[in-house]
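In case you want the letters, here they are:
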Amino acid sequence: MWVLSASGCRRLGAAGSLAVAVGGWAAGTLPVRGGWGLWEPRGSAVTLAGALLAYLGLTVLVAAWWRYGVLLARGVRDGVLTTLAWWTAPLLLAPPLYSKDVYSYIAQGAMVLEGHDVYGGGPSVLGPGDLGADAAASVGGHWTDTPAPYGPAFLVLAQLVVRLTGGEIVPAVLGMRLLALGALALIVWAVRGLGGGRGGPDGALWLAALNPLLLIHVVGGMHNDGLMIGLMLAGVLLAVRGRWVLGCVLVGLAMMVKSPAAVALLFIGVTVARRDGGARGLAKGLVLPGLVAGAVAAVATVLAGTGFGWLRTQSVAGTIHTALSVSSDLGLGLGLLLGDDPDPVKAAVQNLGLLAAVVLILVLAWRAWRGALDPVLGLGLSLVALVALSPMVQPWYLLWGTAVVAAVAWRERAGQLLAVLSAALVYETALDGRTPWYGFVVAGAVLLAGLVWMRREPWPGGRERAGAREGADPVGSGR
């Protein structure tokens, strides 16, 4: 049947992506003002029609993506980069989709230009006559008075976009989308360079770059997580190729976008220690990557002129409760059971979650150093663990570890599980950035169906390996 072929999936996915983009013009995260008559609400009936069209398009895109991955797992060869171009193109001129975060980015860039302390206050400090005032008015309620949790490297880029566009909403959003496309290109380059492990780079790109979770939240929503992932993966690739100093420089820049990229330094250190061997190699791996990245962070902060306030704002996101955070949900529930004020109990459980994540990361690093686990796969699994146990979790955070795991082990059970989670989490957020109850219901249904499918239909060729490893570590031993 034509529609089930690789070329059919390419066209079907492009149609789904186009439906999401068209729906976004009516029901996306449209600005409060400054949309130039292009990105503006057009009545409740049109908004509802746009939301339904986008919902249908997203489902078509997910179905096409999944079928495409099955074909690649079966050994079908196809132009994955061509497919990526087809699926990305419809999103390029769309308004912001599934999130209002891009308005925060623009407003924070404007704050720097206007001389405000971006780590001391939120976008609400921008007055009506200031650059970025329209963007500030469109920022989501949680973030209006919240200091920036991002590093100075990203704020320099946001500042550049605002300077070049005058802070006008439409061109500024499109400027941020260009940055997202640059991040996507970095991810593609690094994933291809790392080779994809068993199954090759085409399948790795399927999970890392063609992933609908990435398309709608990095290209459509322009989340800066894409830039962090791209810089981090590029640094890891250089380290694997022996250029670990330059790799640590890139990881240092990734940290100056979002701090979780720092986990990569541990596994670059493991790679260096294993390559050099002995006590000298171990000392070198444990110390030097951190020193290089720390120097990059210090220089970037001084050159950006934004100050070192980012050191104290890394925890601000944790003050916002998200239903995907297991530790926050558990802590809140226990706190309500044990007393009138749940906050102390919630904070304690959140801290225990982070402690558990640190322990898991150290265990994975130990296994990588002993040669029982590919260091790149260890990094990917560590980032997944960090997200799962963090006090604040958004759907697109799963991409941190998914892109790394995809680069070396997309056909392993871990890769297949991450694909199922990605397919489920695309439904958690509505086109206008809200998180409605029905999104969780649909995500749960997709997750359950995916887990059942995983059990019955492991990736072709993986059944024998699964049987051979029965009783062993379920994540495998790497490439």
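So, how was this worked out
Residues numbered from 1 in each chain as written. Predicted model: local features only at pLDDT ≥ 70, side-chain atom pairs only at ≥ 80, totals over all residues. Heavy atoms only, no water. Helix = DSSP H or I, 4+ residues; strand = E, 2+ residues; numbered from the N terminus. Rg over C-alpha atoms; globule rule 2.2 N^0.38 Å. Contact = heavy atoms within 4.5 Å. Core = buried A, V, L, I, M, F, W, Y, C linked by side-chain atoms within 4.5 Å. Buried < 20%, exposed > 50% of the residue type's maximum accessible area, 1.4 Å probe, protein only. Salt bridge = Lys/Arg side-chain N within 4 Å of Asp/Glu carboxyl O. Axes fitted to C-alpha atoms, helices over the stretch in contact; angles between N-to-C directions. Parallel < 35°, antiparallel > 145°, perpendicular 65-115°, else oblique. Left-handed = near helix turned anticlockwise from the far one by under 90°. Nonpolar A, V, L, I, M, F, W, Y, C, P; charged D, E, K, R; others polar. Patch = residues over 30% accessible without salt bridge, like charges linked within 9 Å, V, L, I, M, F, W, Y side chains within 5 Å. Areas by Shrake-Rupley, 256 points an atom, 1.4 Å probe, with all protein chains shown as cover. Expected span 1.5 Å × (residues − 1). Polar contact = N/O pair within 3.5 Å; in protein donor to acceptor, adjacent residues only side chain to side chain. pLDDT = per-residue confidence, 0-100. Phe/Tyr/Trp six-rings, centres within 6.5 Å; stacked < 30°, edge-to-face > 60°.

On a plain count of helices and strands, the chain comes out with 20 helices and 0 strands. Here the C-alpha radius of gyration of the chain, 22 Å, is about what a compact globule of 479 residues would show, namely 23 Å. With the principal axes as the frame, the chain shows a C-alpha extent of 65 × 55 × 50 Å. In the chain, once contacts between residues fewer than 6 apart in sequence are set aside, the share between residues at least 24 apart is 75%.

What follows covers the nonpolar core. In terms of nonpolar packing, the biggest core is built from 149 residues, with Trp65, Trp206 and Leu233 touching the most fellow members. A per-element tally of this core places helix H7 (residues 169-194) first, with 13 residues. Sequence-distant contacts of Trp65, defined by excluding residues within four places in its chain, comprise Trp87, Trp206, Leu207, Leu210, Asn211, Pro212, Ala419, Ser422 and Ala423.

What follows concerns the pattern of salt bridges. Applying the stated criterion across every chain, the model contains 6 salt bridges. Lys284 serves as the salt-bridge partner of Asp276, at 2.8 Å between the closest nitrogen and oxygen. Overall, the relative accessible area of 34% leaves Asp276 in the partly exposed class.

Relative to each other, helix H11 (residues 244-255) and helix H13 (residues 278-304) sit at 50 degrees, their axes nearing to 8 Å. The orientation of H11 with respect to H13, classified from their angle, is oblique. Between H11 and H13 lies a crossing whose hand is right-handed. Contacts from Trp244, Val245, Cys248, Val249, Gly252, Leu253 and Met255 in H11 reach Lys284, Leu288, Pro289, Val292, Ala293 and Val296 in H13. Looking at the contact of H11 with H13, its residues break down into 11 nonpolar, 1 polar and 1 charged.

With that settled, the discussion passes to a nonpolar patch on the surface. On the surface, a nonpolar cluster with roughly 660 Å² of combined accessible area is contributed by Leu282, Leu286, Val287, Leu288, Leu291, Trp366 and Trp369. Among the secondary structure elements, those contributing two or more residues to the nonpolar patch are H13 and helix H15 (343-369). Looking at the nonpolar patch, the element that brings in the most residues is H13, giving 5 residues. Mapped onto the secondary structure, Leu282 falls in helix H13.

Between the first and last C-alpha of helix H16 (residues 375-388) there are 20 Å, a value that for 14 residues agrees with the 20 Å anticipated at 1.5 Å per step. By the criterion of burial, H16 is predominantly enclosed, with 12 of the 14 residues buried. Within H16, burial applies to Pro375, Val376, Leu377, Gly378, Leu379, Gly380, Leu381, Ser382, Leu383, Ala385, Leu386 and Val387. With a side-chain oxygen lying 2.8 Å from the backbone nitrogen of Val376, the N-terminal cap of H16 falls on Asp374.

Right, let's talk about the confidence of the model for the chain for a bit. On average, residues of the chain carry a pLDDT of 90, and 94% of them reach 70 or more. Below a pLDDT of 50 lies the segment residues 461-479, which in the model reaches 33 contacts outside its immediate sequence neighbourhood of four places, other chains included.

The geometry of a pair of packed helices is captured by two quantities: the angle between their axes and the separation between those axes. Orientation of H7 relative to helix H10 (residues 225-240), taken along the N-to-C sense of each, is 30 degrees, at an axis distance of 8 Å. Taken together, the axes of H7 and H10 lie roughly parallel to each other. The way H7 lies across H10 gives a crossing that is left-handed. Along the contact surface, H7 presents Ala183, Leu186, Ile187, Trp189, Ala190, Val191, Gly193 and Leu194, while H10 presents Gly226, Leu227, Ile229, Gly230, Leu231, Leu233, Ala234, Leu237, Leu238 and Val240. Taken together, the residues that form the contact of H7 with H10 break down as 15 nonpolar, 3 polar and no charged.

Another aspect to go through is the packing of aromatic side chains. Each aromatic ring pair is summarised here by two numbers: the centre-to-centre distance and the angle between the ring planes. Evaluation of the coordinates by the stated rule reveals 15 aromatic pairs. Here the aromatic rings of Trp65 and Trp206 are separated by 4.4 Å at their centres, their planes lie at 15 degrees, and the arrangement is stacked. Taken as a pair, Trp65 in helix H2 (residues 44-73) and Trp206 in helix H8 (residues 200-208) lie far apart in primary sequence, 141 residues in all. Look at Trp65 and you get buried, because its relative accessible area is 0%. By relative accessible area, Trp206 is classed as buried at 0%. With 4.7 Å between their ring centres and 25 degrees between their planes, Tyr397 and Trp400 make a pair best called stacked. No difference in accessibility class separates Tyr397 from Trp400, as the two residues are buried. Through pairs of rings, three or more aromatic residues link up here, namely Trp65, Trp66, Trp206, Trp410 and Trp453.

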